[in-house]
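Breakdown of the fold
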Amino acid sequence: MSTSRVVTHLVSIALLLLWGSVQLYFYASSRLTHYVSSDGIFRPMVLVSAIGLIVLAIFNLATMGAEEEGCCGHDHAHDEDDPKDCGHDHSHDHGHVHGKDCGHDHGHAHVHSADCGHTHDHSHDNSHEEHGHGILNESGPLGRTIAIAILAVPVIVAAVMTPDAYSGNAVINKGLYNPNYADTSRATEMSLRKTPASAAATSSVPAVAAVKQVPAGVAVDAGGRVPGSSASPAAGIEVTTPKLPAGSTPPSPAGTATAEMAKNASPAAASPAAAAKSYGSFTLEDLKAQVPQSKEGNFILEVPELYYTAGDVEVQRVLTGQPVETKAQVMPEKVNNAEGKRLRILRLLVQCCAADARPYSVPVEFKEKAPVFKDMTWVEVKGTMSYRKEGDQTVPVVQVTSITETTAPDNAMLY
């Protein structure tokens with residue numbers, strides 16, 4: 001094997017080891033959690049492909065000195081002036097006279113002997129250098145350099161220089177300032193109606209419901225059942241609260257909603273397209289049973305959970321005025337902020353990988369002018385919940401009592 005072919009072979013092995021090692025590094029470190037969901041086979045396949053590339057590199061190194069005979073699939077003949085050493089069977093159909101006195105023209109196929117009289121000069125260059133396969137073999141020095149750069153540079157940059165987080169411009173381009181609080185695409189996962197304390201252990205109220213209702217005037221309990229029936233409401237069926245006497249208003253938990261807040265949180269306050277719906281009874285006891293509280297008594301919620309409360313009027317009535325806290329990234333508020341008293345906090349929610357991450361955000365409001373933070377800084381926010389009618393949406397707003405810069409959590413992106 002020539003020196004150039006040895007170098008090419010070693011470069012190919014090095015590239016395989018590079019790709020395999022980088023994938024193994026991402027898997028072994030925590031960096032992979034910033035890019036790929038733990039659901040499914042995404043993360044295990046990174047490990048499998050890394051091992052496969054490294055094994056292939058080791059195999060290529062171990063077989064480097066193997067014979068290369070016949071690798072090209074060609075019969076490499078040499079100068080055939082000596083027909084005995086030709087190695088080819090030159091069978092041609094020639095019409096010519098056999099012998100001086102024959103007189104007959106015999107046209108048939110035959111094998112040429114040493115006295116054939118023909119010169120079969122098929123000169124082949126049997127060098128394997130001319131029959132290399134792949135861009136690293138067939139290209140010149142410049143082509144090989146470019147090919148190596150294309151294969152090596154991107155993976156090195158990804159491992160060393162790529163940040164594990166979105167920039168402020170990236171989340172803006174993903175719709176940071178265009179939230180749809182009536183959206184229900186992932187409400188089932190983020191709804192506070194997971195397992196109401198007042199319902200049976202095996203039942204739950206669906207977070208996303210259709211328009212079919214229990215007849216007016218029929219009372220239901222907190223689990224969405226009609227008294228005397230053991231059946232839970234089927235998925236896709238909206239459950240309504242009992243019909244109230246004319247002129248009465250729904251009761252709010254003590255110390256929570258003011259009259260104005262209750263008005264803003266009611267279905268009538270929003271347009272039909274964005275109106276919050278009632279999905280059955282939800283109480284403060286239900287909230288306490290499924291949402292952890294800090295030592296101060298604050299309900300610890302993720303931003304997407306706050307986001308989806310805007311679509312559920314019963315949850316709003318319970319949560320309005322309650323103390324909450326959350327950890328999130330912060331951006332300036334660019335909508336409904338004429339007085340400069342608001343910031344916007346967000347979390348990125350991932351479906352399968354970082355490429356489809358979506359920012360879920362809610363505004364936070366201060367009594368005075370909002371403080372200034374660097375874009376995408378991690379902060380811990382404490383305050384009380386309120387809901388405002390802004391445009392055609394009911395918007396969840398945290399009335400801030402304190403905001404402090406903090407470190408990023410282990411799960412910088414939610415899945």
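Calculation criteria
- Residues numbered from 1 in each chain as written.
- Predicted model: local features only at pLDDT ≥ 70, side-chain atom pairs only at ≥ 80, totals over all residues.
- Heavy atoms only, no water.
- Helix = DSSP H or I, 4+ residues; strand = E, 2+ residues; numbered from the N terminus.
- Buried < 20%, exposed > 50% of the residue type's maximum accessible area, 1.4 Å probe, protein only.
- Areas by Shrake-Rupley, 256 points an atom, 1.4 Å probe, with all protein chains shown as cover.
- Polar contact = N/O pair within 3.5 Å; in protein donor to acceptor, adjacent residues only side chain to side chain.
- Contact = heavy atoms within 4.5 Å.
- Core = buried A, V, L, I, M, F, W, Y, C linked by side-chain atoms within 4.5 Å.
- Salt bridge = Lys/Arg side-chain N within 4 Å of Asp/Glu carboxyl O.

Along the protein, the regular secondary structure elements total 10 helices and 9 strands. For the protein, with 415 residues in total, the buried portion stands at 38%. Of the roughly 22,800 Å² of accessible surface on the protein, 58% is carried by carbon and sulfur atoms.

Another aspect to go through is the side chain of Arg186. The residue Arg186 is located in the loop between helix H5 (168-173) and helix H6 (187-190) in this model. Reaching out from Arg186, the side chain makes a polar contact with the backbone oxygen of Val350 at a distance of 3.1 Å. Setting aside chain neighbours within four positions, we find Arg186 in contact with Tyr308, Leu349, Val350, Gln351, Tyr360 and Tyr415.

Bringing the nonpolar core into the picture now. Leu192, Leu287, Leu319, Ile345, Val364 and Val381 are the most contacted members of the largest nonpolar core, which has 39 residues in total. The leading source of residues in this core is strand S8 (residues 393-405), at 5 residues. By size, the runner-up hydrophobic cluster in this structure holds 13 residues, among which are Val171, Leu176, Tyr177 and Met331.

Look at Asn336: it is not a glycine, yet its phi comes out positive at around 50°. Mapped onto the elements of the fold, Asn336 is located in the loop between strand S4 (323-332) and strand S5 (342-349). We classify Asn336 as exposed; its relative accessible area is 54%. Look at Met376: it is not a glycine, yet its phi comes out positive at around 70°. Along the chain, the position of Met376 falls in the loop between strand S6 (358-365) and strand S7 (377-390).

Moving on: the pattern of salt bridges. Opposite charge on two side chains permits them to pair, given that their charged atoms come into close proximity. A complete count under the given rule lists 9 salt bridges for this structure. Residues Lys382 and Glu296 are paired through a salt bridge, measuring 3.1 Å at the closest nitrogen-oxygen approach. With a gap of 86 residues between them, Lys382 in strand S7 and Glu296 in the loop between helix H8 (284-290) and strand S3 (299-300) connect regions that are remote in the sequence. On the basis of relative accessible area, Glu296 is assigned to the exposed category, the value being 56%. In this structure, Arg344 engages Glu333 in a salt bridge whose closest nitrogen and oxygen atoms are separated by 2.8 Å. Taken together, the positions of Arg344 in strand S5 and Glu333 in the loop between S4 and S5 put the pair 11 residues apart, joining distant regions of the chain. Of the residues examined, Glu333 reaches a relative accessible area of 7% and is grouped as buried. Several salt bridges share partner residues, and in doing so they unite Arg342, Glu365, Arg388 and Glu390 into one network.

Moving on: the environment of Tyr181. For Tyr181, the position within the fold is in the loop between H5 and H6. Considered as a pair, Tyr181 and Ala276 are 95 residues apart in the sequence and their alpha carbons are 9.1 Å apart. What Tyr181 contacts, discounting residues up to four positions off in sequence, is Tyr307, Ala310, Gly311, Arg344, Ser361, Val362, Pro363, Gln393, Thr394, Val395 and Pro396. Here the side chain of Tyr181 touches Arg344 through a polar contact of 3.3 Å, side chain to side chain.

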